[in-house]
Amino acid sequence: MNTGRILVMACLFWTTVTAAFTAETLGRVEQLPSSYPDHWVIAHDAAFFHMLEGRMVVLDADAETAAQQFKGMVNSSFIGQFAQSVSRSEMYVAETFYSRGVRGERTDVVTIYDKATLAPVAEVILPGGKRSSSMPEKYALQLIDNERMLLVFNLTPATSVTVVDVAARKVLNEIPTPGCVLIYPTGKRGFSSLCSNGRFFGVVLDEDGEVVEKYRSEPFFDSNVDPLFEKPVIVDGVGYFQTFTGVVYPVDLSSTRPVVGDAWSLVGEADEGWRPGGWQLNAVNGSNLYILMHPEGYNGSHKDGGPEVWVFDLHSRQRRARIKLKTWGVSVMVTPDQKPLMVVTNAEMALDVYSATTGEYLRTLGPHAQETPFVVYQAN
Amino acid sequence: MNWLDRWIQNSSRTLAQNASRRSMIRKLGTVLVGASAVPLLPVARAADNTAPVSESGDPNSCDYWRYCGIDGFLCSCCGGTVNSCPPGTEMSPITWIGTCQNPEDGKNYIVSYNDCCGKSSCGNCLCTRNESDKPMYRPDAANDINWCLGTKSTIYNCSTAILVGVALEKRE
């Protein structure tokens, strides 16, 4: 067979192959909707064993297979904090980088992601290397002022709050909050922080992020006697704070200064020894509070989680249900719709999905590569 | 059989063999960054005492008495010891403290949980016990904070448990 015949046959073969199918397009990248379905959730995997690689994972809690559940992700470096805007369809991740990975020059930044593309669209550098580095805390990063301002909690361990005009992508101010921590949106344009002496410290801001009013409330709890969890659920401007033993303090955050209402208890006479506990121990849907509970509580059990989720009507203060979990739970979230799902981070760090109305176990998400999904957020 | 035993039977048998019941719950539960802050603490320094503390137990075990309030990776499993950091890391000068009872002498000791910093998570001997831990509005008693503060790098590697004084009474 000479060279010419080989070339002719090769060309015929190539023609045959290429004619058999339409070549696929290179470079395609998927997109998500700009507003996610109610039963999607965003799991914060803090990657506790390699914290520089934390991430926020978008999951479809309705889907049956691991592949169908996993919709996409964004990174969250070194135990970042997370918030999201409905009006702009954006996600905000406050994170920390070093120029040489674990050493070198520190840069703190709010990275802004588009929810549809999951691509970073902007960033705001946070000055001073002060961003609070702690376990994931919902109230370490909060939007106020109709989502125009993003507040970032700092701890060095001196405490302060950095005010970012996130719409304009620029830092406006830094406000010291001596002895007080975290950010509870308060009033039209302000926030409150919890203090070691059982008080709120709060400020009111003007449009430029300048302080126009400061205040300190009267003490309303004693952290030496019955500490307050720093993780309220907020419904219609009222924050419901729970203590380690199950006392609930409703705090009206809708006006300029917080107003502490009458306390009540999650635990009745027949519930002796039961206490609330967990990492993200509570969630809310409408007026229903979902809270992880454990029996035989003791000094140090407040983050253990529990075998049950109790459901309370926040208006009537009555317990509506006790949901016995398939596997011990550490964190809980509930979707915002009328047929809500409850997603529980279980003690083996998997995500169990239940009907939040019947308590029926539905499925376990994954297996996915996520390792420590400490906090799970609603879709929007 | 109580709830805890039932749960453990349904959980990892390997882990159950290696940890106490409650410490296993803590291991599998929230894991938090341990901590540290010595200079401002109103405690008598251990250096003022002349006799070493009499103690027993395994510093590589989460059940070791000094770890009653710890939350993180034990430095003794990471190339350091119960009171020293692994090579190449830097000990945070700022910390939170716990108060733990020494079963050998019955005294309550003030324990400084200084973090070792500048390398990524050690990953060995994760231990989460939260006795007397409080939310971060009480930073003197909060182990949710990454206490790699005041160091060249805030990257967390592991936690020590250093005796810094004798407590007059147990802190709740």
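Before reading further, recall that the structure is shown in the block above.
Residues numbered from 1 in each chain as written. Chains lettered and ligands numbered in written order. Predicted model: local features only at pLDDT ≥ 70, side-chain atom pairs only at ≥ 80, totals over all residues. Heavy atoms only, no water.

To continue, consider unusual backbone geometry. Residues and elements named next belong to chain A. Residue Pro-157 is bonded to the preceding Thr-156 through a cis peptide linkage, with omega at 20 degrees. Assignment of secondary structure puts Pro-157 in the loop between strand E9 (149-155) and strand E10 (159-165). Phi angles above zero are rare outside glycine, and Ala-47 is one such case at about 50 degrees. Its place among the elements puts Ala-47 in the loop between strand E1 (40-45) and strand E2 (55-60). Classification of Ala-47 as buried rests on a relative accessible area of 0%. Positive phi is not limited to glycine here, since Asp-236 has a value of about 50 degrees. Along the chain, the position of Asp-236 falls in the loop between strand E16 (233-235) and strand E17 (238-242). We classify Asp-236 as exposed; its relative accessible area is 72%. (Helix = DSSP H or I, 4+ residues; strand = E, 2+ residues; numbered from the N terminus. Buried < 20%, exposed > 50% of the residue type's maximum accessible area, 1.4 Å probe, protein only.)

A few words on the sheet that holds strand E4 (residues 108-112) of chain B. Residue and element names in this part refer to chain B. Strand order in the open sheet made by the three strands is E3-E4-E8, with antiparallel pairing throughout. Of all the strands in the sheet, just strand E3 (97-101) and strand E8 (162-166) have a single pairing partner and so form its edges. Looking at each pair of strands side by side, their axes are set apart by 35 degrees on average, direction ignored. Sheet analysis places E4 next to E8, joined by four bridges and oriented antiparallel. Its bridge partner lying in E8, Val-111 is registered against Leu-163. (Pairing = 2+ DSSP bridges. Axes fitted to C-alpha atoms, helices over the stretch in contact; angles between N-to-C directions.)

Once that is clear, we can look at the interface of chain B and chain A. Across the boundary between the two partners, chain B contributes 45 residues, which contact 49 residues of chain A. Note on chain B versus chain A: buried area summed over both sides is about 4,000 Å², and carbon and sulfur give 63% of it. Counting across the chain B and chain A interface gives two salt bridges. For Asp-144 of chain B, the salt bridge is made with Lys-303 of chain A, and the minimal N-O distance between the two is 2.5 Å. Among the elements of the structure, helix H1 (3-9), helix H3 (21-28) and strand E1 (71-73) of chain B are those that each provide at least two residues to the side of chain B that touches chain A. For the side of chain B that touches chain A, the element with the highest residue contribution is H3 of chain B, accounting for four residues. Class assignment for the residues of the side of chain B that touches chain A results in 18 nonpolar, 16 polar and 11 charged. (Contact = heavy atoms within 4.5 Å. Buried area = accessible area lost by both parts, 1.4 Å probe. Salt bridge = Lys/Arg side-chain N within 4 Å of Asp/Glu carboxyl O. Nonpolar A, V, L, I, M, F, W, Y, C, P; charged D, E, K, R; others polar.)

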